[in-house]
Amino acid sequence: MAQETRNAYGAKLAELIQKNPNIVVLDADLTKSTKTIEAKKVCPERHFNAGIAECNMMGMAAGLAASGKTVFASTFAVFATGRAFEIIRNSICYPNLNVKICASHAGLSVGEDGASHQSIEDVSIMRSIPNMKVYVPCDQYQAKAIVEHVAAIEGPCYVRLGRGKVEDVYNENTVFDFDKVDILRKGNGDVVLFAMGLMVQEAIKAAETLDATVVNVSSIKPIDSKGIIDLLKSHKRAYALEEHSIIGGLFSTIAELKATTDITTPVTPIGINDVFGESGKARDVLTKYGLTAEHVIEVVKE
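Residues numbered from 1 in each chain as written. Predicted model: local features only at pLDDT ≥ 70, side-chain atom pairs only at ≥ 80, totals over all residues. Heavy atoms only, no water.

Asker: Lay out the packing of aromatic side chains in plain terms, naming residues and giving numbers.
Answerer: Enumeration according to the criterion identifies four aromatic pairs in this entry. Ring centres of F76 and F79 lie 6.2 Å apart, and the angle between their planes is 10 degrees; on these two criteria the pair is classed as stacked. Between the aromatic rings of Y135 and F178, the centroid separation amounts to 6.2 Å while the plane-to-plane angle is 75 degrees, which identifies the pairing as edge-to-face. One end of the pair, Y135, is in strand β6 (residues 133-135); the other, F178, is in the loop between β8 (165-166) and β9 (182-185), and 43 residues separate them in sequence. An aromatic cluster is defined as three or more aromatic residues linked by ring pairs; in this entry it consists of Y135, Y170, F176 and F178. (Phe/Tyr/Trp six-rings, centres within 6.5 Å; stacked < 30°, edge-to-face > 60°. Helix = DSSP H or I, 4+ residues; strand = E, 2+ residues; numbered from the N terminus.)

Asker: Help me get a handle on the environment of Y289, residues and values and all.
Answerer: Within the secondary structure layout, Y289 lies in the loop between α12 (282-288) and α13 (293-301). Judged by relative accessible area, which is 16%, Y289 ranks as buried. Remark: the alpha-carbon pair of Y289 and G271, spanning 18 residues in sequence, is separated by 7.8 Å. Contact partners of Y289, with chain neighbours within four places excluded, come to L108, G271, V275, F276, G277 and E278. Looking at Y289, its side chain comes within polar contact range of the side chain of E278, at 3.0 Å. (Buried < 20%, exposed > 50% of the residue type's maximum accessible area, 1.4 Å probe, protein only. Contact = heavy atoms within 4.5 Å. Polar contact = N/O pair within 3.5 Å; in protein donor to acceptor, adjacent residues only side chain to side chain.)

Asker: Describe the pairing of strand β4 (residues 70-74), with residues and values.
Answerer: Taken across its five residues, β4 has five buried, putting it largely inside the fold. Here β4 shows no split at all, with T70, F72 and S74 on one side and V71 and A73 on the other all buried. For strand β2 (residues 23-27) and β4, the ladder comprises five bridges, and the chain directions are parallel. The partner of L26 across the bridge, within β4, is A73. One ladder, built from three bridges, connects β4 with strand β5 (residues 99-103); its direction is parallel. In the sheet register, F72 faces β5, and the bridge partner there is K100. (Pairing = 2+ DSSP bridges.)

Spelled out as structure tokens, the structure:
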């Protein structure tokens, strides 16, 4: 069943805030869009709307976390990581505070909102900051598991969430290990497709034609270095699929790992090629920028 990862976030957050009296939720006047409204419905006394003041919201989050709270802070990804960057860096990550930034409407799949709201740099920005952990769920079940995971660990975390519905990859019985990449399909040893977010579903579709190995990389930082290196060694060609700029995201992370080894397996990026997006229906925009199974097949077969 197709579902939005932001909806899964809202549902899990509402569950967690009732179980854990230490959790506090902040939002920047987008409670209905980010789905933190679900937490507000059950615990309104621990949900605070900071208004359209994202930098102030991150400062509030830092203060609450410094007082011992586990803080979830949400807004659109472009505002969370761009507008509030300096506060996140200096007030949250530098003192290593327990703030979970769960940002929705990431990537080109925001669609009609256009380039100003299509955050294509957020993973790059967040993973560059010391102490920050970065997670990208591919479906509703993994989103819920990641939200529960970040609530249970200490320190700053960034969770990338989407606006549109994505098909299920997992189910409610799936047990996740975020210390390891997840091999969803084993191919013939020729091609390995590393994917994050909604590109996992596209990789799965493409893999049937390509007989490729499909790997879901949901933890970008910390990343499973050994798992990725082992997969590079056991395949002839590798591709990094992401609804994100090829600069600083999944491709860059894998290329950085490869550069520390003597591995010769070529790694090819399939992502956003250092350009801004544009307004249009989400599927049309993704198609134009080559973020589909059909395009993946074309690139691999070239």
